[in-house]
Amino acid sequence: MKKTIATVTAVVAAMFIFLTVVVTAILYHGVYEDNVRATLSEELDILSHLYETGNDIREIGGRNGRLTIINPDGSVEYDSEAQYSVMENHKERKEVKEAFLKGRGSDERQSDTLSIKQIYEAVLLSDGNVLRLSKNASTVIAFFSMISGPVVSLVVILLILVVFIASKASDYIVAPINALDLDNPEENNVYDEISPLLLKIARQKNEVREEIADKERTRKEFEFIISTLSEGLVVLGRGGRILSFNKSAATLLEEKIEDDKPFLAYLKSADSKELVLSALNGKDGETTFKVSSKILELSAYSSRSGGAVVLMRDITEKCERERMRKEFTANVSHELKTPITTIMGFSELLENPEIEREKVTDFASEINKEALRLRDIVGDIIELSSLDEGYKGENEEINVRNTVETEIKKLEHKADDNGVSVENYVSSSLIIIGIPKVFSEVISNLLDNAIRYNKKGGWVKVESKEMDGKVEISVSDNGIGIPKESIERVFERFYRVDKSRSRESGGTGLGLSIVKNGMERMGGEVRVESTQGEGSVFTLTFPLNH
Ligand code: ADP
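Residues numbered from 1 in each chain as written. Predicted model: local features only at pLDDT ≥ 70, side-chain atom pairs only at ≥ 80, totals over all residues. Heavy atoms only, no water.

**Q** In this structure, what is going on with the sheet that holds strand β10 (residues 308–314)? I would like to understand it.
**A** Strand pairing in a sheet takes place through backbone hydrogen bonds and is either antiparallel or parallel in direction. Taken in spatial order, the five strands line up as β7-β6-β10-β9-β8 in an open sheet, and their pairing is antiparallel. The sheet is open, and its two edges are formed by β7 (242–245) and β8 (285–291), each paired on a single side. The sheet shows a mean angle of 20 degrees between the axes of neighbouring strands, direction not considered. As paired strands, strand β6 (residues 232–236) and β10 are joined by five bridges and run antiparallel to one another. (Pairing = 2+ DSSP bridges. Helix = DSSP H or I, 4+ residues; strand = E, 2+ residues; numbered from the N terminus. Axes fitted to C-alpha atoms, helices over the stretch in contact; angles between N-to-C directions.)

Here is the structure:
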């Protein structure tokens with residue numbers, strides 16, 4: 001800006017100086033020429049007067065110019081500068097011709113050199129001669145060349161001065177602009193002319209500040225949302241460079257992910273690598289792969305900017321549930337098939353009209369046994385499904401001793417048949433919070449098992465104790481016990497240690513699954529300790545302030 005101001009000022013000043021010099025020179029030259037003419041005319045008048053009064057003007061005539069006396073026939077009688085005897089006839093010269101005609105004439109003629117111009121004036125004398133006086137005058141060009149030296153020096157000096165002053169002036173003008181506080185545009189008090197600009201800057205600054213704050217807020221919200229996601233999220237730029245990722249992504253991949261690294265380096269499975277590459281090339285897709293014992297589902301979506309967004313979620317539990325559901329369905333059909341086939345077999349036999357009377361009774365009792373079995377299995381399946389779907393019963397206070405007593409009563413027959421004694425040692429004041437129907441079912445299943453998997457003369461005890469902020473209710477027996485390798489599996493659906501013993505004794509293989517699910521539903525736990533041949537202890541734990 002300073003440079004522009006100085007340059008413009010210098011150019012304008014140079015133009016003005018040049019124009020001033022030219023105009024002044026032209027005007028001055030005009031005055032100078034008028035002066036030469038006036039002097040010439042005056043001197044001609046004086047010389048003609050002297051001539052008319054009989055003076056010899058030849059002596060003085062040539063001092064201030066060139067004096068010529070021309071005879072009426074045009075021949076030159078006298079010339080102060082040339083050899084007049086050989087001079088050509090002057091009759092046709094413009095000033096001479098005019099003088100002969102009108103008494104006075106004038107003319108100007110350029111000499112051979114461009115720098116000199118000759119001014120002529122002639123007057124008709126009373127004796128018929130013409131008196132002519134001429135003077136040299138410098139032309140404008142000559143005038144200019146004459147003054148060019150000083151003028152150029154003057155122009156140079158003026159220009160230096162102008163550039164210096166312009167530079168100082170621009171410093172002076174620009175200094176307040178340079179000192180503007182653009183962080184607080186409205187607080188500057190400089191030139192009125194730039195106030196609107198400062199106001200505009202202030203307005204725009206506010207808008208930009210608000211926009212940045214808005215963007216920052218949105219960014220923080222986005223970061224908060226993705227940081228709380230259980231799904232792993234990775235945003236990729238062109239070429240698969242990681243632009244951002246959340247903690248879950250690193251946890252799921254079990255890797256220490258770093259920004260700006262290629263995401264493919266963190267993927268071990270070829271399928272997932274290929275899928276991410278496809279997404280980077282504009283094709284979305286989904287795949288599953290394993291990381292340690294986890295099964296991850298990876299969805300990759302291509303983004304408009306040539307990158308991709310990768311979402312990962314842990315579907316191990318879902319897969320496990322799916323596997324268990326399939327296994328359960330297969331088991332259910334298998335379990336139902338056996339009694340149904342038996343019922344069908346016996347009923348076909350009954351169709352025979354020649355069948356003996358005693359056999360009819362036997363077959364009918366077999367059919368009844370299998371039908372009861374079917375009822376038990378279906379009942380247990382319904383019970384289990386209702387627990388799986390989140391049994392709707394409300395939590396209530398339960399008197400444990402009373403519930404145990406009721407369930408023992410229901411199984412009294414079975415216990416007697418098996419020669420097993422059942423004792424209730426639960427404290428009468430023990431109250432827990434649970435769903436009465438579910439708790440009864442849990443106790444009933446544990447007592448039923450303890451009676452069935454027992455020996456003649458064996459015992460079953462139900463005890464309770466309160467400790468470390470929790471209540472433990474145990475159902476123990478001195479029955480056949482569970483082999484070590486099966487202990488972990490007894491809570492699985494349809495798992496039995498000894499299939500035929502379970503079936504014989506009316507088991508469905510679902511009792512302990514119902515116990516486990518029921519306890520989970522009430523916020524408690526169940527565990528088992530057992531020694532084969534010595535007996536088992538099933539312990540239910542409830543939080544005390546539950
Ligand atoms: P079931 O209907 O076969 O009894 P459960 O789910 O109740 O099915 O039990 C699973 C298996 O665990 C049983 O088949 C049995 O082998 C074993 N079991 C359960 N309770 C006892 C116990 N008190 N003593 C010994 N074995 C037991």
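**Q** Before we go on, may I ask you to explain the site of the ligand in this structure?
**A** Close to the ligand lie 20 residues, the nearest being Tyr453, Ser502, Thr508, Gly509 and Leu512. Within the contact set of the ligand, an oxygen atom lies 2.7 Å away from a backbone nitrogen or oxygen of Thr508. A total of 520 Å² of accessible area belongs to the ligand in isolation, and the protein chains cover 98% of it. Among the detected pockets, the ligand sits in the largest pocket. Within the residue set of the shell around the ligand, elements represented by two or more residues are α12 (436–452), α15 (511–521) and β17 (535–543). With three residues, α12 is the largest single contributor of residues to the shell around the ligand. A breakdown of the residues in the shell around the ligand according to their chemical character gives nine nonpolar, eight polar and three charged. (Near = heavy atom within 4 Å. Polar contact = N/O pair within 3.5 Å; in protein donor to acceptor, adjacent residues only side chain to side chain. Areas by Shrake-Rupley, 256 points an atom, 1.4 Å probe, with all protein chains shown as cover. 1 Å grid on protein atoms, 1.4 Å probe; cavity = no way out; pocket = protein on both sides within 12 Å on 5 of 7 lines; lining within 4 Å. Sits in = over half its atoms within 2 Å of the grid points. Nonpolar A, V, L, I, M, F, W, Y, C, P; charged D, E, K, R; others polar.)

**Q** Can you help me understand the pattern of salt bridges in this one?
**A** In a structure, side chains of opposite charge can pair up when their charged atoms sit close to one another. This model, assessed by the stated rule, comprises 42 salt bridges. A salt bridge links Arg452 to Asp448; its shortest N-O distance comes to 3.1 Å. In this pair, Arg452 and Asp448 both sit in helix α12, four residues apart, roughly one turn of the helix. (Salt bridge = Lys/Arg side-chain N within 4 Å of Asp/Glu carboxyl O.)

**Q** How should I be thinking about the packing of helix α9 (residues 357–388) against α15 in this particular structure?
**A** Describing two packed helices takes the angle between their axes plus the distance from one axis to the other. At a closest axis distance of 10 Å, the pairing of α9 and α15 adopts a crossing angle of 25 degrees. Here α15 runs roughly parallel to α9, going by the angle between their axes. Crossing of α9 against α15: the hand is left-handed. Residues Asp380, Glu383, Leu384, Leu387 and Asp388 of α9 touch α15, and the partners they reach there are Gly511, Ser513, Ile514, Asn517, Gly518 and Arg521. (Parallel < 35°, antiparallel > 145°, perpendicular 65-115°, else oblique. Left-handed = near helix turned anticlockwise from the far one by under 90°. Contact = heavy atoms within 4.5 Å.)

**Q** Even after reading the chapter, I still don't get the sheet that holds strand β16 (residues 525–531), so can you show me in this structure?
**A** Pairing is mixed in the open sheet, where five strands are placed in the order β12-β14-β15-β17-β16. Looking at which strands have only one partner, the edges of the open sheet turn out to be β12 (421–424) and β16. When the angles between neighbouring strand axes are averaged without regard to direction, this sheet yields 15 degrees. Sheet topology places β16 next to β17; seven bridges connect them, and they run antiparallel. Opposite Val528, over in β17, you have Phe538 as the bridge partner. Helix α10 (residues 400–410) rests against β12, β14 (459–467) and β15 (470–477) of the sheet, and its axis sits at about 165 degrees to β12. Contacting β16 and β17, α15 runs over the sheet at an angle of about 20 degrees to β17.

**Q** Explanation requested: the pairing of strand β5 (residues 130–138) in the structure shown.
**A** Regular strands have side chains that alternate between both faces of the sheet. Judged by how many residues are buried, β5 sits mostly within the fold: eight of nine residues are covered. Alignment of strand β1 (residues 66–70) against β5, held across five bridges, turns out to be antiparallel. Directly across from Thr68, in β5, lies its bridge partner Arg132. The pairing of strand β4 (residues 116–124) with β5 spans nine bridges and is classified as antiparallel. Bridged to Ile116 within β5 is Ser138. (Buried < 20%, exposed > 50% of the residue type's maximum accessible area, 1.4 Å probe, protein only.)

**Q** I keep staring at the environment of Asn189 and nothing clicks. Help me out?
**A** Counting through the fold element by element, Asn189 comes out in the loop between α4 (140–178) and α5 (195–228). For Asn189, a relative accessible area of 76% gives the class exposed. It is 9.1 Å that separates the C-alpha atoms of Asn189 and Pro176, two residues lying 13 residues apart in sequence.

**Q** How should the nonpolar core be read in this particular structure?
**A** The tendency in soluble globular proteins is for nonpolar side chains to be buried side by side. Within the largest apolar cluster, 49 residues are counted, with the highest numbers of intra-cluster contacts made by Phe439, Leu447, Ile473, Leu540 and Phe542. Take this core: its biggest share by element is eight residues, from α12. Not counting residues within four places of it along the chain, the set of residues in contact with Phe542 comprises Ile432, Ile433, Phe439, Lys470, Val471, Ile473, Met519 and Met522. In this structure, Leu280, Val291, Leu298 and Val310 belong to the second largest nonpolar core, which totals 23 residues. (Core = buried A, V, L, I, M, F, W, Y, C linked by side-chain atoms within 4.5 Å.)

**Q** Help me understand the packing of aromatic side chains in this model?
**A** Two aromatic rings are characterised by how far apart their centres lie and by the angle between their planes. Scanning the model with the defined rule gives five aromatic pairs in all. Ring geometry for Phe439 against Phe542: centres 5.8 Å apart, planes inclined by 70 degrees, an arrangement best described as edge-to-face. In this pair, Phe439 is assigned in helix α12 and Phe542 in strand β17, connecting sequence segments 103 residues apart. Residues Phe439 and Phe542 agree in their burial class; the two are buried. (Phe/Tyr/Trp six-rings, centres within 6.5 Å; stacked < 30°, edge-to-face > 60°.)

**Q** How do you make sense of unusual backbone geometry when you look at a structure like this?
**A** Excluding glycine, most residues fall at negative phi; most peptide bonds, likewise, are trans. At Asp260, a position not held by glycine, the phi torsion is positive, near 75 degrees. Relative to the elements of secondary structure, Asp260 occurs in the loop between α6 (247–253) and α7 (270–280). In the Ramachandran plot, Phe494 falls in the positive-phi region, its phi being about 70 degrees despite a non-glycine side chain. With respect to the helices, strands and loops of the structure, Phe494 is situated in the loop between α13 (484–487) and α14 (499–504).

**Q** Explanation requested: the side chain of Asp107 in the structure shown.
**A** With respect to the element layout, Asp107 can be found in strand β3 (residues 104–110). Note on Asp107: relative accessible area 17%, which makes it buried. A polar contact of 2.8 Å, which involves the side chain of Asp107, links it to the side chain of Arg109. Beyond its immediate chain neighbours, meaning those up to four positions away, Asp107 contacts Lys94, Glu95, Gln118, Ile119 and Tyr120.

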